[in-house]
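A structural walkthrough
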Amino acid sequence: MVLDLWFVFRVLVFPGFTFILFLTMFCDWLERKIEARMQNRVGPNFTGPAGILQPIADFIKLLTKEDIVPRGAKKTIFKLAPLLAFSIIVFAMSFLPVDGAAAISNSSFTGDLIVIMALVTIANFLLFLSGWASANPYSTIGATRVLTQFLGYDIPLFLLALTPAFLAGSLSISAIAASQYLPFVLLAPWAFVLFIVALQAELEKDPFDIPHAESEVVGGLETEYCGGKLAFLHLTRDVQVVFGAALVVELFLGGPYGPVFFGLPEFWYSLWFVLKLLAVVVITEYVTCLFARLRIDQVLTANWKVLLPLSVLSLALTVALATWIYPLVV
Amino acid sequence: MIKELLSNLFAKPATSKYPFVKAEVAEGFRGKQVYDIGLCISCGLCSRDCPAKAIEMVEVDGKRRPLFHLDLCVFCYQCAESCPRNAIKSSEFFELASINKSDLVIQPQATSQKGDGAQQ
Amino acid sequence: MATNDQDLLATLQSRMGGNVQIQLGHLGKASVQVKADFNRDVLKILLETDKSAGISALTGLDMGETIGLLYHIRTNGAIVTIRTEVPKQDPKIPTITDLIPGAVFHEREAADLFGVVFEGHPNPARLVLPEDWPDNLYPLRKDAKLDDATINSEASKSQTEPVQPQSDGSLVNIIIGPQHPALLEPEKFSLKVDGEIVKQVEPRIGYVHRGVEKAAEQRTYLQDVYLVERICGICNSCHASCFVESVEKIMGTQVPPRGKYIRTIILELNRLHSHLLLLGHAGLEIGYETLFQYMWRDREPIMDLTERLTGNRVIASTLTVGGVRRDIKETDIPKIKTALADLKKKMGFYRQLYEGELTLKMRTQNVGTLAKEDALKLCVVGPVARGSGVNIDVRKEEPYEAYGEIPFKLITYNSGDSWARFMVRLDEIYESISIIDYALDHLPTGSFRVRVPRVVPAGEAVNRVEAPRGELFYYVKSNGTAYPDRVKVRTPTFANIPAFLKTAEGGNIADVPANFVSLDPCFSCTDR
């Protein structure tokens, strides 16, 4: 078997692992800077110009700390779960077209949207396991909260992710991204808004911050982690943010496609992708700063009694519009 | 709150980048003490009244003089108030953190001390 | 004196006859000297006359052969002190917790520090001293030998708390503290939870006990002003003012009017910064970081004002026996007024936020509700009481400093939940701003301090001050030297913690921090 160097490059460097890693670090910095500026503070500003090396500094600092496994913890799961969760999300990201084609090119098939949602489910379950495997009441509560919240937002998230599929007429992400002559955010704005809300729940940001509410459960599922494993847990959380934003970009904002001015279209596609992703990150951070944290029973009410019916309605509305109105007008 | 967040995004931050920017303190700030040996009459009232027992009377050139232990001091300035000759005054110097214990002691010497009380 | 007090004292005299000796105007409105056996009877008569009477403090005194117990009861806006004595060899007295449930902590503290046994107390465990403190060593007795005390190792071994979650049947034991991000200072609360519902809360305080009351006996009055100031950083001026007022009562000193007004201004600045601190901290506990950052940004001008007036951002060290140490300069007054006017404008934004923001209201309304009857029975003070509809404020009941001459409103809310407690503090910020403005406009001229002798004549006095967290109570006893004989401090959070135990039960775990921060805990104050 011939080793396809181009394939290896695409998977490992761009738009694969290294690109995702740097994008994650950059988005972490951007989130912190935007949050700080909205709160009238400066944010990271010392490490590197304007503090841009801060996420890397934090990662390296955590790697240099002592790595302890508690005596009563389930060692294998405790050690593997964060790593696996991180890998699964990176794998899911490799399905998303970044410069016109996904990292694992020619692998986009009808139904890869469903596969991605399933991978996200598995990653969240692994996070729950990592909290459950630490022998600590705070971790247990945090892990239970992750699962409880997850049960609430998973179905609405799925339904809302299917909405663009109906508009595009296909379940393949690349096809959805390519068929947006008009970004779907304009055709189904209600779905976009609800998707952002469900995304807040998936990314565990305010108002759905409850799984790692410091003032109540110390660290939630991260309580017993330290050193390199904690670095990976944090990285997993940051990659989830990037992944969620990338999904929004692909499904609602027209993917990487945008005006090409000169030269290589792949360059322009990547640029548009990154710009749109950063815009979504700014929007989610804004929503985070706007709200307080809801209690778990309030989160359940919000998910089951508000978000789920609204997402069903939105799906129905979009399907109705897509079948009868849009072919006439658009 | 919606507008406030957006307007603050483009506003100047409320925090200042200390220590790259100097911190301003008000006049009359109770910082590091400035001791004038020329005015001292060795009465020992400062040491007697100090609530933290941070002033130790030591022998210097045959006279009793106060030695200030700044690691015990609470900067209440009762010593300045008790002194009948106003030999202890305040300064605006507050950056006293140090890795040497000797920086945290004000020796009763006739050194010319600058107005901001910084260690010579 | 009000007619209620006349009735009360007349009833007492007639019902108890020769068993009581009433002295008017001493230690509050009156002090009632009884034998230990009749203690409860006097209390019962008091409670019949005034259903909303509560205990303000319980002072222990080492009087040589006996241990004196002073029950300071708050009734009709004043203090009536019941004095009893128990012999040192056999210090037993019946408990009063069945009559006044709020006395639970007070009796435990007296048991810990003086060795008095309160018969019938529901939970006679240690309160402020650690578990491995040696038995039969009572620190506040004059003959306690503290220099060669050794740790009681059997007690410390049997008291280690297991780390793994324990199950009491279906109840899991979750321990909050001593180190926990929700707590500013170390205390331990063991919550027994069933799923997410809290069934029972057991507190253990005393982690920050520094023995300030004992230390105060070994320093002069002048040095003690600085010592008591450092019981609490946030309400430092209130401690100082309560102490110096007690000493001034014993000495009979009159503070000049300008001194009183300057003291009022400093106390109200203290209240402003404390309330702003708490409202921001509330945001942090419920996950609203933006509110926290904004509020603390707007608190900075108050710290700068305090620095300008007193020389330090937090600990003022400006009050002293006989007046204040520094004057307010004429040039500073416009600066103060501008800063306060800016703050008042910004408070409009916060008011809108607290009244309108959906997630904030979801987290604080109907959370940690304390009914009015419970508030009265548990003898809570301050905004915790005023949020449940109990109209008590020392500034109105027994005006001190310049509060008698300055008009301001007493803020009460009736719903008794966490939101009401926050709104009380929010509205009090407006009142504080107007008090300071009025004081600055009507600042009397003249001296701001009188010189007092260092030796204080023999006597005793009680004094109350409205700290930001509630009523702060001091009892000072002098024996004619330059060193006090006894300084007793009862801080507002000490009185409010039993209320927290009550409001936490039946709620969610997630509500515990929000609930807890609404009573504005300050454990440095609690433990002294």
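If you're wondering where the values come from, they're calculated on a predicted model, not measured in any experiment.

Digging into the overall build of chain A
When its secondary structure is counted, chain A shows 13 helices and zero strands. Reading the secondary structure of chain A in the N-to-C direction produces α-α-α-α-α-α-α-α-α-α-α-α-α. Here the C-alpha coordinates of chain A stretch approximately 65 × 50 × 50 Å along the principal axes. Counting all 330 residues of chain A, 58% fall into the buried class. For chain A, contacts bridging at least 24 residues in sequence account for 77% of all contacts bridging at least 6. When the accessible surface of chain A is totalled, it reaches about 13,500 Å², and 75% of it is carbon and sulfur. Taking the 19 positively charged and 23 negatively charged side chains of chain A as two groups, their mean positions are separated by 7 Å.

As for the interface of chain A and chain C
Taken residue by residue, the interface counts 26 residues in chain A and 31 residues in chain C. At the boundary of chain A with chain C, the tally comes to one salt bridge. Residue D511(C) pairs with R295(A) through a salt bridge whose shortest N-O separation is 2.9 Å. If you list the elements that add at least two residues to the side of chain A that touches chain C, you get helix 2 (17–38), helix 6 (137–168), helix 10 (214–217), helix 12 (265–290) and helix 13 (296–329) of chain A. Take the side of chain A that touches chain C: its biggest share by element is four residues, from helix 6 of chain A. Here the side of chain A that touches chain C is composed, by residue class, of 13 nonpolar, four polar and nine charged.

Some thoughts on the domain arrangement of chain C
Residue and element names in this part refer to chain C. Domain assignment breaks chain C into domain 1 (2–119) and domain 2 (212–527). Once you take the C-alpha centre of each, domain 1 and domain 2 turn out to be 27 Å apart. Taken together, the contact pairs 26 residues of domain 1 with 24 residues of domain 2. Inspection of the domain 1/domain 2 interface yields three salt bridges. For the interface between domain 1 and domain 2, the tally reads seven residue pairs in polar contact (both at pLDDT 80 or more).

Quick notes on the pairing of strand 3 (residues 63–69) of chain B
Residues and elements named next belong to chain B. Where burial is concerned, most of strand 3 is hidden: five out of the seven residues are buried. Taking the residues between adjacent antiparallel strands as the criterion, strand 2 (residues 55–60) and strand 3 are bridged by two residues, where D61 takes a positive phi near 50°. Note that strand 3 and strand 5 (residues 105–106) share two bridges and pair antiparallel. Pairing of F68 across the sheet is with I106, part of strand 5.

Here we look at the confidence of the model for chain A
Overall, the prediction assigns chain A a mean pLDDT of 83, with 93% of residues at 70 or greater. Put simply, helix 10 of chain A is where chain A has its lowest mean pLDDT, 62, and helix 3 (residues 54–63) of chain A is where it has its highest, 90.

Remarks on the interface of chain B and chain C
Taken together, the contacts link 22 residues of chain B with 24 residues of chain C. A buried area of about 2,100 Å², summed over both sides, lies between chain B and chain C, and 43% of it is on carbon and sulfur atoms. Together, M1(B), R30(B) and E81(B) form the three largest contributors to the area buried by chain B at its contact with chain C, with a combined 31%. Between chain B and chain C we count four salt bridges in total.

A short note on helix 3 of chain A
Residue and element names in this part refer to chain A. What helix 3 keeps buried is the set Q54, P55, F59 and L62. Angularly, the buried residues of helix 3 cover 140° about the axis, an arc narrow enough to put them on a single face. In this structure, the buried residues of helix 3 make contact with helix 2 and helix 11 (228–252).

Some thoughts on a nonpolar patch on the surface
All names here are of chain A. On the surface, a nonpolar cluster with roughly 490 Å² of combined accessible area is contributed by W6, F9, L12, V13 and F17. The element that contributes the greatest number of residues to the nonpolar patch is helix 1 (residues 5–12), accounting for three residues. Assignment of secondary structure puts W6 in helix 1.

Some points on the packing of aromatic side chains
Going through the model one piece at a time under the given rule, you end up with 29 aromatic pairs over all chains. Ring centres of F29(B) and F94(B) lie 6.0 Å apart, and the angle between their planes is 75°; this geometry places the pair in the edge-to-face category. Of this pair, F29(B) sits in the loop between helix 1 (2–9) and strand 1 (33–35) while F94(B) is found in the loop between strand 4 (88–90) and strand 5, placing the two residues 65 residues apart along the sequence. Accessibility expressed as a relative area gives 31% for F94(B), which makes it partly exposed. A centroid spacing of 6.3 Å and a plane angle of 55° characterise the contact between Y294(C) and F349(C), whose relative ring orientation is tilted. Residue Y294(C) is located in helix 9 (residues 289–310), and its partner F349(C) is located in helix 10 (residues 332–356); the two are separated by 55 residues in the primary sequence.

Side note on the pairing of strand 1 (residues 20–24) of chain C
Residues and elements named next belong to chain C. Bridging between strand 1 and strand 2 (residues 30–34) involves five bridges; their strand directions are antiparallel. Bridging across to strand 2, I22 finds its partner in V32. The turn linking strand 1 back onto strand 2 is made up of five residues, and G25 within it adopts a positive phi angle of 70°.

Looking at the pattern of salt bridges
Counted according to the given criterion, the structure contains 52 salt bridges over all chains. A salt bridge links D297(A) to R295(A); its shortest N-O distance comes to 2.9 Å. Judged by relative accessible area, D297(A) falls into the partly exposed class, the value being 32%. Beyond isolated ion pairs, a larger network of salt bridges with shared partners links E268(C), R271(C), R386(C), D393(C), R395(C), E428(C) and E466(C).

What counts, and where the lines are drawn
- The written sequence of each chain sets the order in which its residues are numbered from 1.
- Naming scheme: in the order in which they are written, chains are lettered from A and ligands are numbered from 1.
- Owing to the predicted nature of the model, reporting of local features is limited to residues with pLDDT of at least 70; listing and counting of side-chain atom pairs is limited to 80 or more, with chain, interface and lining totals taken over all residues.
- Water and hydrogen atoms play no part in the side-chain values, which are based on all heavy atoms of the structure.
- The helix count covers DSSP runs of H or I at least four residues long, the strand count covers runs of E at least two residues long, and both are numbered beginning at the N terminus.
- Three labels apply to residues, based on accessible area from a 1.4 Å probe with only protein chains included: buried if under 20% of the type maximum, exposed if over 50%, partly exposed otherwise in between.
- In this description, contact between two residues means that some pair of their heavy atoms is separated by no more than 4.5 Å.
- Surface accessibility follows the Shrake-Rupley procedure with a 1.4 Å probe radius. Residue values consider only the protein chains on display as shielding.
- Note that His is not counted, nor are the chain ends; the positive residues are Lys and Arg, and the negative ones are Asp and Glu.
- Here the site of a charge means atom NZ of a Lys, CZ of an Arg, CG of an Asp or CD of a Glu.
- Each reported salt bridge corresponds to a side-chain nitrogen of Lys or Arg within 4 Å of a carboxyl oxygen of Asp or Glu.
- By the convention adopted, Pro, Cys, Tyr, Trp, Phe, Met, Ile, Leu, Val and Ala count as nonpolar, Lys, Arg, Asp and Glu as charged, and the other residues, Gly among them, as polar.
- Domain start and stop positions are those given by an automatic or database domain assignment.
- Between N or O atoms, a polar contact is any pair within 3.5 Å; within protein, one atom must be a potential hydrogen donor and the other a potential acceptor, and residues adjacent in sequence are included only when both atoms are from side chains.
- One bridge is not enough; two strands pair if DSSP finds at least two bridges between them.
- For every residue, the pLDDT score states the predictor's confidence, bounded by 0 at the bottom and 100 at the top.
- Take the accessible area each of two parts loses on contact, using a 1.4 Å probe, and add the two losses: that sum is the buried area.
- This arc is built from the directions going out from the helix axis to the C-beta atoms.
- Two distance rules govern patches: like charges are joined within 9 Å, and nonpolar side chains (Val, Leu, Ile, Met, Phe, Trp, Tyr) within 5 Å, applied only to residues with over 30% relative accessible area and no salt bridge.
- When two rings of Phe, Tyr or Trp (its six-membered ring) have centres within 6.5 Å they constitute a pair, described as stacked for plane angles under 30 degrees, edge-to-face for angles over 60, and tilted for the intermediate range.

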